[in-house]
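Working through the structure, step by step
Read off the chains here:
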Amino acid sequence: VRSSVQCCIKHRLEKYCSKPHDKTYCFKYASFQATSRLLVNYAEPYRSQILDYLFKPNFGASLQILKVEIGGDAQTTDGTEPSHMHYENDENYFRGYEWWLMREAKKRNPNITLIGLPWAFPGWIGRGKNWPYDYPDITASYVVSWIIGAKQYHNLEIDYVGIWNERSFNSKYIKLLRYTLDKNGLERVKIIASDNLWEPITLFVLQDRELSEAVDVLGAHYPGTTTVPEALKTGKQLWSSEDYSTFNDDVGGGCWARILNQNYVNGQMTATISWNLVASYYQDLPFGRDGLMTAQEPWSGNYVVESPIWITAHTTQFTQPGWKYLQTVGHLAHGGSYVALTNQRGNLTIVIETMTHDHSVCIRPPLLPYTVTAQRATFCLKGSFASISELQVWHSKFDFKVKKPVYFQKLSPVKVSNGSFTLDLDVDEVYTVTTITTGLKGNYPEPPPSSPFPKIYKDDFKVQHPDFSEAPDFADQTGVFEYFINETDPGPHVYTLRQVVTQRPITWVADADQTISVIGDYKWQNVTVSCDLYMEEENGGGVFVAARVDKGGGSVRSARGIFFWVFADGTYKVTSDLSGQSVLAEGQSGTRANIWNTLTLSVKGDNAFGELNGHVLWKNAVGLVPKNGWAAIGTSSFQLAQFDNFAVQAE
């Protein structure tokens with residue numbers, strides 16, 4: 001039995017958006033990334049296919065905003081991203097993969113909006129303190145230099161910039177950032193604040209006219225589809241500037257469907273930004289597969305177009321930035337919600353979702369109980385919409401019973417009779433009803449099958465003109481490891497990988513005191529890891545190779561495994577932790593700085609041994625260590641060191 005409801009969609013100018021007097025509200029759908037480390041390593045055509053599913057208009061998700069991290073050399077959830085200024089006298093606008101990603105997005109959609117946001121800052125910004133606001137002019141100049149570099153070196157126009165992801169804001173700094181942008185001819189770049197909670201930023205904006213003039217958008221993270229009265233009083237655009245962060249199975253798709261609609265219906269937020277763009281990082285790092293799609297196997301070429309891609313398309317393929325929400329939107333009588341948008345030139349798009357509670361739970365915040373039942377909904381079109389005679393229909397059905405879902409399927413058009421049409425809505429469905437006729441479910445041939453990381457892997461880092469600053473498949477968890485040309489080396493180590501961060505950054509989480517980059521298959525147990533290492537620090541220099549590393553991301557500080565260290569003072573040690581406190585073996589090695597050494601670590605079952613330059617240095621039982629984990633390289637502190645001829649062999 002289907003209950004009946006009626007919803008009227010009116011088209012009168014005063015019905016646009018949430019406030020009759022505010023005509024600046026516009027719809028934008030967005031997604032951002034800080035987790036695309038493995039994406040760049042995909043071979044063609046698979047890499048371009050993944051990018052098409054994300055950014056190509058009228059093909060897949062058709063994303064309208066790309067929000068990227070302004071790298072700060074520090075851990076920001078699943079790895080570190082390099083800064084364009086490791087040191088105060090250093091500028092390089094080709095590090096990392098964000099520049100490439102923005103260029104690829106713009107190539108597919110020239111109208112895509114670009115946003116930059118710092119999570120962390122290089123240590124020199126804080127002058128020895130873990131704080132970016134003591135010298136706000138330095139911080140503002142640093143951020144603005146990134147925006148200028150985007151245009152100068154990549155022809156990328158940054159549209160918005162944030163303050164400090166999910167950390168304290170500073171009113172003086174925000175004002176100074178606005179001044180610095182304007183002074184550099186960047187008046188068009190808008191400021192989002194504060195990428196945290198609605199409060200206290202809304203109260204500060206209401207009480208400080210100069211701050212209010214500096215801030216263009218109020219952005220909250222994981223708002224649970226609601227806002228606060230003070231935010232509405234500001235009259236500013238409200239965005240959910242980070243949301244979703246949910247495992248991308250069908251419940252994750254349901255979460256995404258619900259919040260895309262209800263962020264506006266409940267909270268009048270006109271943009272919803274997904275963390276993250278694509279799950280392209282090792283799945284056993286924190287928040288594995290919390291992306292709109294999955295691309296975590298560049299070695300196989302396998303990727304998966306998950307349900308959130310098609311849920312996104314229900315909105316993005318039939319609206320554009322600049323479209324206006326109508327006020328006549330809301331909740332359906334028997335559960336679910338609908339929104340309606342127009343381009344003010346006769347086009348209309350209505351998006352309907354009927355996601356049940358248990359099939360749309362997001363990772364945060366908690367979702368209060370509610371019920372949804374099947375219903376018949378009649379939509380009446382009034383005003384200039386009354387002349388519409390036919391609407392295109394696109395449909396998705398989550399099927400949690402027999403596991404045969406249908407995503408983004410084009411149905412027969414619905415006839416509009418006497419200004420109204422009726423749909424029979426079941427639970428866990430998404431409908432788009434629209435005048436737009438250009439929708440398309442793009443597709444490519446099936447990618448190669450999934451396969452684990454290769455058991456035999458080598459990298460000699462001999463890349464004369466690398467496309468990216470980072471070596472394939474290495475995932476830096478503290479510090480930054482970059483390709484390096486050792487022009488003064490007359491021997492075999494001209495092309496190396498170098499750890500380059502020499503000062504602890506202004507961190508976002510509790511980075512380790514050591515630097516570390518992980519690689520491989522988290523399931524590896526019995527493995528041999530070998531690497532040539534070169535310490536550049538005579539006082540305090542130390543480097544390691546490791547196996548069975550069990551943690552990364554924000555937990556990297558407590559990572560355990562088997563770590564084989566050598567030091568510039570002529571000693572070695574073996575520890576079961578990255579912090580170097582749980583010592584399994586130690587002794588003399590004869591190692592010193594500015595000399596290449598080869599370390600080999602072999603682990604099998606509860607036993608391990610280490611070789612230095614081909615000679616066994618130690619043997620030991622290692623029973624109280626993780627049974628599996630990644631391979632890794634790193635340094636004993638933030639120091640310069642080089643790595644070459646990395647090799648791993650797993651059983």
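Residues numbered from 1 in each chain as written. Predicted model: local features only at pLDDT ≥ 70, side-chain atom pairs only at ≥ 80, totals over all residues. Heavy atoms only, no water.

Under an unreviewed UniProt entry, the name given to the protein is Galactocerebrosidase, and the organism recorded is Pygocentrus nattereri. Quoted verbatim from the Subcellular location (unreviewed entry) heading of the UniProt record, the comment on the protein is "Lysosome". Under the Function (unreviewed entry) heading, UniProt states for the protein: "Hydrolyzes the galactose ester bonds of glycolipids such as galactosylceramide and galactosylsphingosine." (UniProt positions renumbered as here; feature names shortened; annotations may be inferred.)

On to the state of the cysteines. For the coordinates displayed, the defined rule picks out one disulfide. Two residues share a disulfide in this structure: Cys255 and Cys362, whose sulfurs sit 2.0 Å from each other. Between Cys255 and Cys362 the sulfur-sulfur dihedral comes to about 100 degrees; the bridge is accordingly right-handed. Placement of Cys255 in helix H8 (residues 250-265) and of Cys362 in the loop between strand E15 (348-353) and strand E16 (375-381) is noted, with a sequence separation of 107 residues between them. Residues Cys255 and Cys362 agree in their burial class; the two are buried. (Disulfide = S-S within 2.5 Å. Helix = DSSP H or I, 4+ residues; strand = E, 2+ residues; numbered from the N terminus. Buried < 20%, exposed > 50% of the residue type's maximum accessible area, 1.4 Å probe, protein only.)

Quick look at the pattern of salt bridges now. Summed over the entire model, instances satisfying the criterion amount to 26 salt bridges. One salt bridge connects Lys551 with Asp550, and the closest N-O pair in it is separated by 3.3 Å. One salt-bridge network, held together by shared partners, links Asp52, Glu104, Lys107 and Arg108. (Salt bridge = Lys/Arg side-chain N within 4 Å of Asp/Glu carboxyl O.)

Turning our eyes to something else, we now look at the environment of Phe55. Relative to the elements of secondary structure, Phe55 occurs in helix H1 (residues 46-55). Residue classification places Phe55 among the buried positions, given a relative accessible area of 0%. Put simply, Phe55 and Glu104 are 49 residues apart on the chain and 8.4 Å apart in space, counted from C-alpha to C-alpha. In this view, Phe55 contacts Ser62, Leu63, Leu66, Leu101, Ala105, Arg108, Asn109, Ile112 and Leu277; residues no more than four positions away in its chain are not counted. (Contact = heavy atoms within 4.5 Å.)

Looking now at unusual backbone geometry. Here the residue pair Ala193 and Ser194 is connected by a cis peptide bond, since its omega of 0 degrees sits within 30 degrees of zero. Tracing the backbone shows Ser194 in strand E6 (residues 190-196). Cis geometry marks the peptide bond from Trp275 to Asn276; its omega dihedral reads 10 degrees. By the secondary structure assignment, Asn276 is in the loop between strand E9 (271-275) and strand E10 (294-297). A positive phi is found at Asn418, a non-glycine position, where the angle reads about 55 degrees. With respect to the element layout, Asn418 can be found in the loop between strand E18 (406-415) and strand E19 (420-425). Looking at Asn418, the relative accessible area reads 81%, which means it is exposed.

Our next topic: the UniProt feature "active site" (unreviewed entry) in the protein. Here, UniProt's "active site" (unreviewed entry) annotation points to Glu166 and Glu242. Spatial clustering of the annotated residues is evident: they stretch over 77 residues in sequence, but the largest pairwise C-alpha distance comes to 9.8 Å. Within the element layout of this structure, Glu166 appears in the loop between strand E5 (160-161) and helix H4 (171-183). If we skip the residues at most four places from it in the chain, Glu166 touches Ser194, Asp195, Asn196, His221, Tyr222, Glu242 and Trp508. Inspection of the secondary structure puts Glu242 in strand E8 (residues 237-244). In this structure Glu242 comes out as buried when scored by relative accessible area, which is 6%. Separated by 2.6 Å, the side chains of Glu242 and Tyr222 make a polar contact. (Polar contact = N/O pair within 3.5 Å; in protein donor to acceptor, adjacent residues only side chain to side chain.)

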